[in-house]
There are 2 protein chains.
Amino acid sequence: MKINTINGSKDFIESLRGKTATFILSISTTKTCEIKGITQAGLPGLISLTPTLDAEFLAIGEVRSLENIAETPKGVPTPALITRAVHLEHPFKRIEFLNLGVDNIPKIDYFQIHNFDIKKSEAIDTNAKINALELFQKGVEFGKNYICKDDYIILGESVPSGTTTAEATAQAMGYDVAEKFSSSFKNNPTNIKNQTIKKALNNINNEDELFQILGKVSDNMLIFNAGFLLGNSYTRTKILLAGGTQMAALLLVVNSIVKYMDGQFDSSNIALCTTSWVANDEDSNIISILNMNDFKVNAYASNFNFSNSSHPALKLYEDGEAKEGVGAGGALIYASLNGIEQNQITNRVESLLG
Amino acid sequence: MKINTINGSKDFIESLRGKTATFILSISTTKTCEIKGITQAGLPGLISLTPTLDAEFLAIGEVRSLENIAETPKGVPTPALITRAVHLEHPFKRIEFLNLGVDNIPKIDYFQIHNFDIKKSEAIDTNAKINALELFQKGVEFGKNYICKDDYIILGESVPSGTTTAEATAQAMGYDVAEKFSSSFKNNPTNIKNQTIKKALNNINNEDELFQILGKVSDNMLIFNAGFLLGNSYTRTKILLAGGTQMAALLLVVNSIVKYMDGQFDSSNIALCTTSWVANDEDSNIISILNMNDFKVNAYASNFNFSNSSHPALKLYEDGEAKEGVGAGGALIYASLNGIEQNQITNRVESLLG
């Protein structure tokens, strides 16, 4: 299992071989996910429960708020399966959660869930109504004060319809990202997504400043974690942003906030880590999003795939049905950094599927 | 994969099972390596670049200062392949470098390179011209102040023509080591080596004291690390000397300095770890070198070999073409201490060779 350098150089990731990691999953819900047909990340009618179920499954290997793990309509299982498989094969030193606004707090004991009194946000087509500055400041405080007990952090996310809010956020901030964003759909539902994004952008007024814009079109995960990354500049903890185009959008938010505040951002302790499905996706272009930043950022993609599995659900990953999420790409790179091979992960995922 | 106790008892090495290690590679060049035919550790005309290339390859898996990794004329690859393979299979917790005088600093970011303002030394046949006392004191200071973040240190070296300078050093200090030293050549080029050593010894005057002798016939790696080991007595960090007869000579240097200074050396935290190729070498005798010390020292040899590989380049190790270097023996013992088997290392090395 290899780590491909897709932006920057390999030195950063090579320096993390054998080191211990804290996996932090950001869980958040936006009512955007309730727009019909906008996402397949979850069970119909219960999509806003997906982050809760992902958190439970990642931590303890079962979902307590539902009988079956989150599946998309065609039966593509959540990428949480991959992250959990990595955790079983070569465990993260610890798993923690950022509750960035979910309906149901994961029903798990003994795992730290950081709470910030953050509410689920509204749908972006009608104005997400997020107090973005306050939320950002909560992130900064967290980043400044969080003491990582391990050598680095892997920061993942579970936010249904998160690619839609991420693309809307990037466009609203003025980045030319049309056609550059990924989706968990094979047949990228560009119509519904584009309509939603268009409606979201229409809510923005010319006099809106950055945080007002973010409050209307973005999501809690992006705004809080932008603060987290900036607050982290004080401790200089190494962070792997485990995700695809959403994590790339997070960096755009950081970039815009830094410019807005006339500040600077040292990106040398940050890298983006994603899956081969995102890196090779012909319908999106993560590298060109990364390169819209004023700072350089290292980015890596695992070459993991399910080619040595005959399980029908896993074939769908190869067909592009599910590409990333719940930190799967970062988890796979963590596995590589610790000598784990593709067949070990595949076997674990297959046994999780039963 | 077994660890054979070749001197002392197995208790020391058994106490390190499962513990974490910092791998420190000493990189150094002496112009001795430019004497024609004296070493095959590197590419003809570029041998002094070998330590730089070894460092790059070990840390990040590629060489930046050259297109191909250092190979000897017949195509025996550097033992860095073995150490890198171990790092891929079961990573060292961190890798650091001691720059003890190289032409080109390794082009790697995010890895600590300790610099001491040490220059490449001259060839020993014409006087190495090392300020040995100052260099030794730099080593002592480093040893006193270095804080190991892991449970123990594996100290390796990459010094082309290092077995020649090591043998000259041992002889100059008065140890009867003729025929006891190893070389990276199968047909040990004793003529060129012996001539060089003879010339080196001729430069010594009767009134020369120990540090003057070392300054004429030794190398930076031996002198600095003798200081390092003595300075380390203050912190009592456990150190595996990963190498063959060069590391045995390092202990002779320690022994002579301790006697010269009328001091004492507690060797209980030090052990020598080497390959089966050194331990079984009929042209050298590492155990008898070790037993010339006034202190006892534990020594171990990995039983790793390439018997289950059909790769022609690796067969040459079995034929005695390459025996040790870049901490290969210590790395293999570290692998054993962590449950890694021979076929896992062989597969990694083969995939590195492509």
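Everything quoted here is computed from the prediction, not taken from an experiment.

Participant: Now, about the overall build of chain A: what can you tell me, with residues and values included?
Facilitator: When helices and strands are tallied, chain A shows 14 helices and eight strands. For 354 residues, the compact-globule estimate of 2.2 N^0.38 gives 20 Å, and chain A sits close to it at 18 Å. Taken along its principal axes, the extent of the C-alpha atoms in chain A is 55 × 40 × 40 Å. The 354 residues of chain A split such that 66% are buried. Taking contacts inside chain A between residues at least 6 apart in sequence as the whole, the part at least 24 apart equals 83%. Just so you have it, chain A exposes about 13100 Å², and 44% of that area is on carbon and sulfur atoms. For chain A, the distance from the average position of its 31 positive side-chain charges to the average position of its 39 negative side-chain charges is 2 Å.

Participant: Talk me through the sheet that holds strand β1 (residues 3-7) of chain A; I want residue IDs and the actual numbers.
Facilitator: Residues and elements named next belong to chain A. Strand order across the open sheet formed by eight strands is β1-β8-β7-β6-β5-β2-β3-β4, with mixed pairing between neighbours. Of all strands in the sheet, those bounded by a partner on one side alone are β1 and β4 (112-115). Sheet twist, expressed as the average angle between the axes of neighbouring strands with direction ignored, equals 25 degrees. The sheet contact formed by strand β2 (residues 21-27) and strand β3 (residues 94-99) spans six bridges and is parallel. Bridging from a neighbouring strand, Leu25 pairs with Phe97 of β3.

Participant: Break down the interface of chain A and chain B for me, citing the residues and quoting the values.
Facilitator: Chain A puts 18 residues into the contact, and the matching count from chain B is 19 residues. For the pair chain A and chain B, the two sides together bury roughly 1400 Å², of which 47% comes from carbon and sulfur. Inspection of the region where chain A meets chain B yields five salt bridges. Between Arg84 of chain B and Glu14 of chain A there is a salt bridge, with the nearest N and O atoms lying 3.0 Å from each other. Considering every element that reaches the side of chain A that touches chain B, the biggest residue donor is helix α1 (residues 11-14) of chain A, with three residues. Residue composition of the side of chain A that touches chain B, grouped by class: two nonpolar, eight polar and eight charged.

Participant: Any details on the confidence of the model for chain A? Residues and values, ideally.
Facilitator: Atom-level detail of predicted coordinates should not be read off regions where pLDDT is low. With 95% of its residues at a pLDDT of 70 or more, chain A shows a mean pLDDT of 93. The complex prediction reports pTM at 0.93, with the ipTM value standing at 0.90.

Participant: An account of the pattern of salt bridges is requested, with residue identities and associated values reported.
Facilitator: Residues and elements named next belong to chain B. Scanning the model with the defined rule gives 32 salt bridges over all chains in all. Across the pair Glu14 and Arg17 runs a salt bridge whose closest N-O atoms are separated by 2.7 Å. Residue Glu14 is classed as partly exposed on the basis of its relative accessible area of 33%. A relative accessible area of 39% means that Arg17 is categorised as partly exposed. In this structure, the salt-bridge partner of Arg94 is Asp150, at a minimum N-O distance of 2.8 Å. One end of the pair, Arg94, is in strand β3 (residues 94-99); the other, Asp150, is in the loop between α4 (132-145) and β5 (152-158), and 56 residues separate them in sequence. One exposure class covers both Arg94 and Asp150, and it is buried.

Participant: Report on the relation of the copies chain A and chain B, specifying residues and quantitative values.
Facilitator: Rotating chain A by 118 degrees and moving it 0.3 Å along the rotation axis overlays it on chain B with an RMSD of 0.1 Å. Accordingly, the operation relating the two chain copies is best matched by a three-fold axis.

About the criteria used
Residues numbered from 1 in each chain as written. Chains lettered and ligands numbered in written order. Predicted model: local features only at pLDDT ≥ 70, side-chain atom pairs only at ≥ 80, totals over all residues. Heavy atoms only, no water. Helix = DSSP H or I, 4+ residues; strand = E, 2+ residues; numbered from the N terminus. Rg over C-alpha atoms; globule rule 2.2 N^0.38 Å. Buried < 20%, exposed > 50% of the residue type's maximum accessible area, 1.4 Å probe, protein only. Contact = heavy atoms within 4.5 Å. Areas by Shrake-Rupley, 256 points an atom, 1.4 Å probe, with all protein chains shown as cover. Lys, Arg positive; Asp, Glu negative; His and termini not counted. Charge placed at Lys NZ, Arg CZ, Asp CG, Glu CD. Pairing = 2+ DSSP bridges. Axes fitted to C-alpha atoms, helices over the stretch in contact; angles between N-to-C directions. Buried area = accessible area lost by both parts, 1.4 Å probe. Salt bridge = Lys/Arg side-chain N within 4 Å of Asp/Glu carboxyl O. Nonpolar A, V, L, I, M, F, W, Y, C, P; charged D, E, K, R; others polar. pLDDT = per-residue confidence, 0-100. Least-squares fit on C-alpha atoms with pLDDT ≥ 70 in both.

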